[in-house]
Amino acid sequence: MKFTLALAQIDTVLGDVEANLEAHRRWIREARGQGADLVVFPELSLTGYIVQDLVPQVARNPFDADPVFQVLLEASRDIDLVVGFVEADARYRFFNSAAYLAQGRVVHVHRKVYLPTYGMFDEGRFFAWGDHVEAFDTRFGRLGLLICEDFWHVSPPYLLWLDGADVLLMPTASPGRGIVPAAERLDTARWVEMVVQAYAGLFTVFTALANRVGYEDGIHFWGGSALFGPDGMALAQGPYHDEALVVHEVDLRALHRARARLPLLRDERTALFQRELARILNRRDLPAAPHL
C-alpha cells in the first residue's frame, strides 16, 4: 500500500487561533493540490508554542461542536489531518495535544506525556501530563502519534511499536540552540534528526518529523521536517528556517523488506522486558519515580 504524506512546516501566530486556522486551511489546500493523502502540522500549530498564561483562552475541545474543529473536521473529509492544539477536558485541565482527523471525525487524540520543565522550557507549569500511549488504525494502516519531548524518551515510541504502529508521526516545536560549524547547522537539528532516524532503524518503521519555523518571544524554531524509512534512510527533508510543505510517497511495502532483512520485531522479548521492568520497579533502593 502507498499513500502520500505532507509535512506542513509552518510559522504560527502566538495566541491567535483564528489566524492559525486560516493558515491551516491554506496549507491544506496546497497539500491537496500536490496530491497528499495526509498532512501533519507541528506541535501546538493552532496556538503557537509559548502560550503560558494564554492556555485557558486558546483551549479547544476536539469535537464538531467546537467552531474551530468544525472547519478542520470538514476539511478532513478528503484529506487526513494531524493538528496541534491546547485541549481542555471536561474538568478544565489543559493538555498539549495533537488530534488525528479523518473523514469528518476525530480518530485519535494524543496528550503529550513528557512536559519539559527545565532550561528554557516551562510546560509543566501550564499543562497537565498525558498518561496514555496508544497506536490507532487509519485507512493507511496502524499509526502512532507523539509530541516533541515524548520521543526524547525511548518508552513512548517503544510502546507504539509494540502496539502495532508502522508509522510514527512526531509533530514538534523544536527551538534552535547551538551551532555545529563543520555541518553549518544547529546542534538542535543534529540531535533531533539523529534521534528520529534512530527510531526508524531500531524499530523498522517510518518516522515523520513535522517541525515548525519562525520566532516567538525571541526564540527561533528551525524547521527541517523529515521523513525516514524503516531501514533508517532519509527519504525527504524540508529546508531549515523557512516555511515549506514536504511531500513524499510512503510505500508500506518497505516494511516487509526491512523486517525480512532485520527481524527485530519478530525477536523482541516482551515477556522478558515486562518481568525485568517489574523487578526494577519493585526494588526498594530506587527513588520514587513521578508520573508512572
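Structure shown above.
The sections below set out a description of the structure shown in this document. Bear in mind the structure is a predicted one, so any value in this text is a computation, not a measurement.

Here we come to the packing of aromatic side chains. Geometry of an aromatic ring pair is reported as the spacing of the ring centres plus the angle between the planes. Throughout the structure, instances matching the rule amount to 12 aromatic pairs. Taking the centre distance of 4.5 Å and the plane angle of 25 degrees together, the rings of Phe-3 and Phe-140 count as stacked. Of this pair, Phe-3 sits in strand E1 (residues 2–9) while Phe-140 sits in the loop between strand E6 (136–138) and strand E7 (141–145), and the two are 137 residues apart along the sequence. Ring plane angle 70 degrees and centroid distance 6.1 Å describe the contact between Tyr-49 and Phe-221, whose orientation is recorded as edge-to-face. In this pair, Tyr-49 sits in the loop between strand E2 (38–40) and helix H2 (55–58) while Phe-221 sits in strand E13 (residues 219–222), placing the two residues 172 residues apart along the sequence. The class for Tyr-49 is buried, based on a relative accessible area of 11%. What links up through ring pairs into an aromatic cluster is the set Tyr-158, Trp-161, Tyr-199, Phe-203 and Phe-273. Sitting over the ring of Phe-95, Arg-111 keeps its end group 4.0 Å from the ring centre. A cation over an aromatic ring shows up here: Arg-212 above the ring of Phe-221, its NZ or CZ 4.3 Å from the ring centre.

Regular strands place their side chains on alternate faces of the sheet. Counting buried residues along strand E8 (residues 167–172), six of its six residues qualify, which places the element largely inside the surrounding structure. In E8, alternate side chains face the same way, and those of Val-167, Leu-169 and Pro-171 on one face and Leu-168, Met-170 and Thr-172 on the other are all buried. Across three bridges, the pairing between E7 and E8 is parallel. By the bridge assignment, Gly-144 is partnered in E8 with Leu-168.

With that settled, the discussion passes to the sheet that holds E1. Strand order in the open sheet formed by six strands is E5-E4-E3-E2-E1-E16, and the pairing between neighbours is mixed. Two strands close off the open sheet at either side, each with one partner strand: strand E5 (105–111) and strand E16 (244–251). Across the sheet, the mean angle separating the axes of adjacent strands is 30 degrees when strand polarity is ignored. Note: E2 against strand E3 (residues 80–88), three bridges, orientation parallel. The residue bridging Val-39 from the neighbouring strand is Leu-81, located in E3. Packed on one face of the sheet, helix H3 (residues 67–75) meets E3, strand E4 (94–102) and E5 and runs near 165 degrees to E3.

About the thresholds
Residues numbered from 1 in each chain as written. Predicted model: local features only at pLDDT ≥ 70, side-chain atom pairs only at ≥ 80, totals over all residues. Heavy atoms only, no water. Phe/Tyr/Trp six-rings, centres within 6.5 Å; stacked < 30°, edge-to-face > 60°. Helix = DSSP H or I, 4+ residues; strand = E, 2+ residues; numbered from the N terminus. Buried < 20%, exposed > 50% of the residue type's maximum accessible area, 1.4 Å probe, protein only. Lys NZ or Arg CZ within 6 Å of the ring centre and 35° of its normal. Pairing = 2+ DSSP bridges. Axes fitted to C-alpha atoms, helices over the stretch in contact; angles between N-to-C directions. Contact = heavy atoms within 4.5 Å.

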